[in-house]
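One-letter residues, chain by chain:
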Amino acid sequence: MKLTLLMYLIPSLIMFGCGIYGFLTRKNMIAMLISLELMLNAVDINFALFNRFLYSGNHEGMLFSLFAIAIAAAETAVAIAIIINVYRIAKNVDINQINKLKF
Amino acid sequence: MDYSQFLMMPQEIGLLAVFLLVFLYDTFMPRTTQRALPLVTVVFFGVYIAWAFLPPAAGKCFGEMFEASNATWGMKNILNIGVFIVLLQSVKWTNNDFVSVRRGEFYELILLTLLGMFLMISARHFLLFVIGLETASLPLAALAAFEKRYYESREAAAKYVMTAVFSSAILLMGLSLLYGACGSLYFSNLAFGISAVNGINWMLIVALAFVMAGVGFKISLVPFHLWTADVYQGAPTAVTGYLSVISKGSAAFAFMVILVQVFGTLYQEVWQWMLYALIVLTITVGNLFAMRQRNLKRFLAFSSVSQAGYVMLGVIAANQVGMASMMYYILVYIFSNLAAFGVVMAIENHCGKVTIDDYNGLFKTNPWLAFTMMLAMFSLGGIPPFAGFFSKFFIFVGAASTGSVAIYVLVFIALVNTIISLYYYLLVVKAMFIRQDECAIERFKSHWTERAAMVICVAGIIFVGLASCVYTSIVTLVEESPNLFMMI
């Protein structure tokens, strides 16, 4: 059986959807961060896929996914540092407890 | 490699030089000289501004990824002026006992984010654009968490970083769909790819919506504005001022370039209407929420949401008049908003009071602060003869220059909202001048750097509107930048 573009694309889109769902429903900040990671990884898969199946003449998509991975790592590092920073005062990473600023 | 390409980016090189000098000073100078670091940064930055005003180089470099034109040159100089005021305002705050250990980091991160915004403005390839966007947004999360002694600052940073990463994931998804549809990430190639598509391609529409959502977050347009008030309230006031004018202004310019250059052929059918809805929502919701705020920083946050809607009026015009009026609006907005933040910061540094009720009777005790705040509020509300009136006038002219009836209606909605916004801007003026309070903020003398920043802002508010040469030169700059509106 030959693997087509769609057979890779559907899992990546499902992954992206799971990421959005997780980000919106999870109450734990670390779990939200994991959901964000899922979304960013779905994007990386997408770029590599389109490049490999549709535009294999150049390497623009592969290069972009390399950069996207690096950016995702930087984002996670900053986010983790800030979550730890909050945890030190609130002793908690539950977003229902971190709600002192609201209208 | 052809190293002469670097001559195309004199402003970025100069900024990088300032960053390196500040970094070396922070790292290697003895402890006793560290207290001078903020002023040294201000001086370096002032020299750099003079350098950045040298006549622009125009052209493309680095495989056409980076474009320097007269319009980008003008926009970067407008941002430079704003950053100079922010740096001047923050001198006193970074010298207090709690922040002074980390003051070097504050200046380094501010300069780095500015570099990211410059890349965003000049990028003609989405890879460079994304790198610029991330360079501009990640250090801002660290800056929002800068006041470590306050819990609010940490919470604000957590909210900012979560929403920033979420929106950039959405943006990247949009870009991947765009790449799938057109096979390139160069703005010019994408534009030709999109114009070759017949009829409606749903993949492109989804990609456009995702890109608008991702960048709209940075400008805090309404469905994506939920982070704004919390972050503005919790972050240190210097960072709030930076976020509200510099970050917003650069993102608005980059947004216009992307919409016009990449999605130019979809203007009539698609993105004009998307942006239409966003503008109506942004102006109205921003105004309605601003009315019920008691905390001044939160109030300014919602006011800046509604101002972002006015900035977008220049984008929806999608022509040279629109772009020129948008740049002018951002320039005026920098002066008026930073004047307001300057007063808020001076009072907060002195006694830590930030609610509107604390300002009761301010005119009796501190007439000059009250006067500056009044000018800022008048300018934000658009009362003649201050600059805010002229910027609103030109942005309405810019939007109306398209001549379509729907946009006339939009301009009318914006006009009605201007009247609503006058109500809450004048609430602050009323508190300062009319209402009395026994325990009003006592008379105090603000730091000379804060006063200098306020003088620059007041001069800007009064003269940028009256001196017509400012608007004319911005129009000339935009007209000298060809090919910008080729695809419309």
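Conventions used here
Residues numbered from 1 in each chain as written. Chains lettered and ligands numbered in written order. Predicted model: local features only at pLDDT ≥ 70, side-chain atom pairs only at ≥ 80, totals over all residues. Heavy atoms only, no water. Helix = DSSP H or I, 4+ residues; strand = E, 2+ residues; numbered from the N terminus. Rg over C-alpha atoms; globule rule 2.2 N^0.38 Å. Buried < 20%, exposed > 50% of the residue type's maximum accessible area, 1.4 Å probe, protein only. Contact = heavy atoms within 4.5 Å. Areas by Shrake-Rupley, 256 points an atom, 1.4 Å probe, with all protein chains shown as cover. Lys, Arg positive; Asp, Glu negative; His and termini not counted. Charge placed at Lys NZ, Arg CZ, Asp CG, Glu CD. Phe/Tyr/Trp six-rings, centres within 6.5 Å; stacked < 30°, edge-to-face > 60°. Salt bridge = Lys/Arg side-chain N within 4 Å of Asp/Glu carboxyl O. Disulfide = S-S within 2.5 Å. Core = buried A, V, L, I, M, F, W, Y, C linked by side-chain atoms within 4.5 Å. Buried area = accessible area lost by both parts, 1.4 Å probe. Polar contact = N/O pair within 3.5 Å; in protein donor to acceptor, adjacent residues only side chain to side chain. Axes fitted to C-alpha atoms, helices over the stretch in contact; angles between N-to-C directions. Parallel < 35°, antiparallel > 145°, perpendicular 65-115°, else oblique. Nonpolar A, V, L, I, M, F, W, Y, C, P; charged D, E, K, R; others polar. Expected span 1.5 Å × (residues − 1). pLDDT = per-residue confidence, 0-100.

Below, the discussion takes up the overall build of chain B. When helices and strands are counted, chain B shows 19 helices and 2 strands. Relative to its length of 488 residues, chain B is compact, with a C-alpha radius of gyration of 22 Å against a globular reference of 23 Å. Projected onto the principal axes, the alpha-carbon positions of chain B cover approximately 70 × 55 × 45 Å. The buried share of chain B, taken over its 488 residues, is 64%. Within chain B, residue pairs in contact and separated by at least 24 positions form 81% of the contacts whose partners lie at least 6 positions apart. Accessible surface, chain B: about 16,500 Å² in total, of which carbon and sulfur atoms supply 70%. Between the centroid of the 26 positive side chains of chain B and the centroid of its 23 negative side chains there is a distance of 8 Å.

As a further point, take the overall build of chain A. In terms of regular secondary structure, chain A is built from 3 helices and 0 strands. The secondary structure elements of chain A, listed N-terminal to C-terminal, are α-α-α. Over its C-alpha atoms, taken along the principal directions, chain A stretches across nearly 55 × 25 × 25 Å. Burial analysis of chain A (103 residues in total) assigns 38% to the buried set. Here the analysis covers contacts within chain A between residues at least 6 apart in sequence; of these, 59% occur between residues at least 24 apart. Accessible surface, chain A as shown: approximately 5,800 Å² in total, 69% of it carbon and sulfur.

Within the structure shown, the criterion is met by 38 aromatic pairs over all chains. Taken together, a centroid distance of 5.6 Å and an interplanar angle of 45 degrees make the contact between Tyr8(A) and Phe53(A) tilted. Here Phe53(A) lies in helix H2 (residues 29-53) and Tyr8(A) lies in helix H1 (residues 5-25), a separation of 45 residues in the sequence. Residues Phe47(A) and Tyr179(B) carry aromatic rings whose centres are separated by 5.7 Å and whose planes lie at 40 degrees to one another, so their mutual orientation is tilted.

On to the side chain of Glu134(B). With respect to the secondary-structure elements, Glu134(B) resides in helix H5 (residues 126-144). For the buried Glu134(B), no salt bridge is present, and the opposite-charge side chain at shortest range is Lys218(B), 8.1 Å distant. If we skip the residues at most four places from it in the chain, Glu134(B) touches Ile71(A), Glu75(A), Pro139(B) and Ser168(B).

This next bit is on the state of the cysteines. Residue and element names in this part refer to chain B. In total, this model carries 0 disulfides over all chains according to the counting rule given. You can see Cys-457 has no disulfide; the closest cysteine sulfur is in Cys-469, sitting 19 Å from it. Given the relative accessible area of 0%, Cys-457 is considered buried.

Another aspect to go through is the nonpolar core. As a rule of thumb, soluble globular proteins bury nonpolar side chains together. All names here are of chain B. Counting 222 residues, the largest nonpolar core has Phe-45, Phe-129, Phe-263, Trp-271 and Leu-275 as the members making the most contacts within it. With 21 residues, the top contributor of residues to this core is helix H13 (residues 320-351). Leaving out residues up to four positions away in the same chain, Leu-275 has contacts with Met-212, Phe-255, Leu-259, Met-312, Val-315 and Ile-316.

This brings us to the environment of Ala158(B). Relative to the helices and strands, Ala158(B) resides in helix H6 (residues 151-182). We classify Ala158(B) as buried; its relative accessible area is 5%. Here Ala158(B) is in contact with Met29(A), Ile82(A) and Val86(A), once residues within four sequence places are set aside.

What follows is about the side chain of Ser137(B). Within the element layout of this structure, Ser137(B) appears in helix H5. Apart from the residues within four sequence positions on either side, Ser137(B) is in contact with Tyr160(B) and Lys218(B).

At the interface, 41 residues of chain A touch 46 residues of chain B. Summed over both sides, the interface of chain A with chain B buries roughly 3,900 Å², with 77% coming from carbon and sulfur. Counting the surface chain A buries against chain B, the share from its top three residues, Glu60(A), Phe64(A) and Leu101(A), is 19%. Across the contact surface, chain A and chain B share 1 salt bridge. Between Lys100(A) and Glu152(B) there is a salt bridge, with its nearest N and O atoms 3.3 Å apart. Summed over the shared surface of chain A and chain B, the number is 12 residue pairs in polar contact (both at pLDDT 80 or more). Listing elements by their share of the side of chain A that touches chain B, those giving two or more residues are H1, H2 and helix H3 (60-90) of chain A. With 16 residues, H3(A) is the largest single contributor of residues to the side of chain A that touches chain B.

You can see Phe210(B) is positioned in helix H8 (residues 202-219). Spatially, the C-alpha atom of Phe210(B) lies 8.9 Å from that of Ser167(B), the residues being 43 residues apart in sequence. Excluding residues that lie within four positions of it along the chain, Phe210(B) makes contacts with Phe16(A), Ile170(B), Leu171(B), Met173(B) and Gly174(B).

Let us now look at the pattern of salt bridges. All names here are of chain B. Overall, the coordinates contain 11 salt bridges over all chains when judged by the stated rule. Lys-159 is the salt-bridge partner of Glu-155, the closest N and O atoms lying 2.8 Å from each other. Within this pair, Glu-155 and its partner Lys-159 are both found in helix H6, separated by 4 residues, close to a single helical turn. Given the relative accessible area of 0%, Glu-155 is considered buried. Taking the relative accessible area as the measure of exposure, Lys-159 reaches 23% and is therefore partly exposed.

Helix-helix packing is described using two parameters, namely the angle between the two axes and the distance between the axes. Residue and element names in this part refer to chain B. Closest axis-to-axis distance for the H5/H6 pair is 8 Å, and the angle between their directions is 170 degrees. The pairing of H5 with H6 is recorded here as roughly antiparallel in orientation. From H5, Phe-126, Phe-129, Val-130, Leu-133, Glu-134, Ser-137, Leu-140, Ala-141 and Ala-144 reach across to H6, where they touch Ser-153, Ala-157, Tyr-160, Val-161, Ser-168, Leu-171, Leu-172, Leu-175 and Leu-178. Partitioning the contact of H5 with H6 into residue classes produces 14 nonpolar, 3 polar and 1 charged.

Our next topic: helix H4 (residues 103-122) of chain B. Given 3.6 residues per turn, any residue in an α-helix points the same way as the ones three and four places further on. The terminal C-alpha atoms of H4(B), which comprises 20 residues, lie 29 Å apart, in line with the 28 Å expected from a rise of 1.5 Å per residue. Within H4(B), 17 of the 20 residues are buried, which leaves the element mostly enclosed by the surrounding structure.

This part takes up the confidence of the model for chain B. One rule of thumb: low pLDDT means the predicted coordinates there are not for detailed reading. Averaged over all residues, the pLDDT of chain B equals 92, while 100% of them reach at least 70. Model confidence for the complex: the whole-complex pTM is 0.95, and ipTM, which rates the interface, is 0.96.

Backbone geometry follows two general trends: most residues other than glycine have a negative phi, and most peptide bonds adopt the trans configuration. Residue Pro385(B) is reached from Pro384(B) by a cis peptide bond, and omega for that bond is 5 degrees. For Pro385(B), the location among the structural elements is in the loop between helix H15 (367-381) and helix H16 (387-400). Even without glycine at this site, Lys91(A) takes up a positive phi of about 55 degrees. By secondary structure assignment, the location of Lys91(A) is in the segment after H3. In this structure Lys91(A) comes out as exposed when scored by relative accessible area, which is 58%. One non-glycine residue, Ser220(B), lies in the positive phi region at around 55 degrees. On the secondary structure map, Ser220(B) appears in the loop between H8 and helix H9 (226-234).

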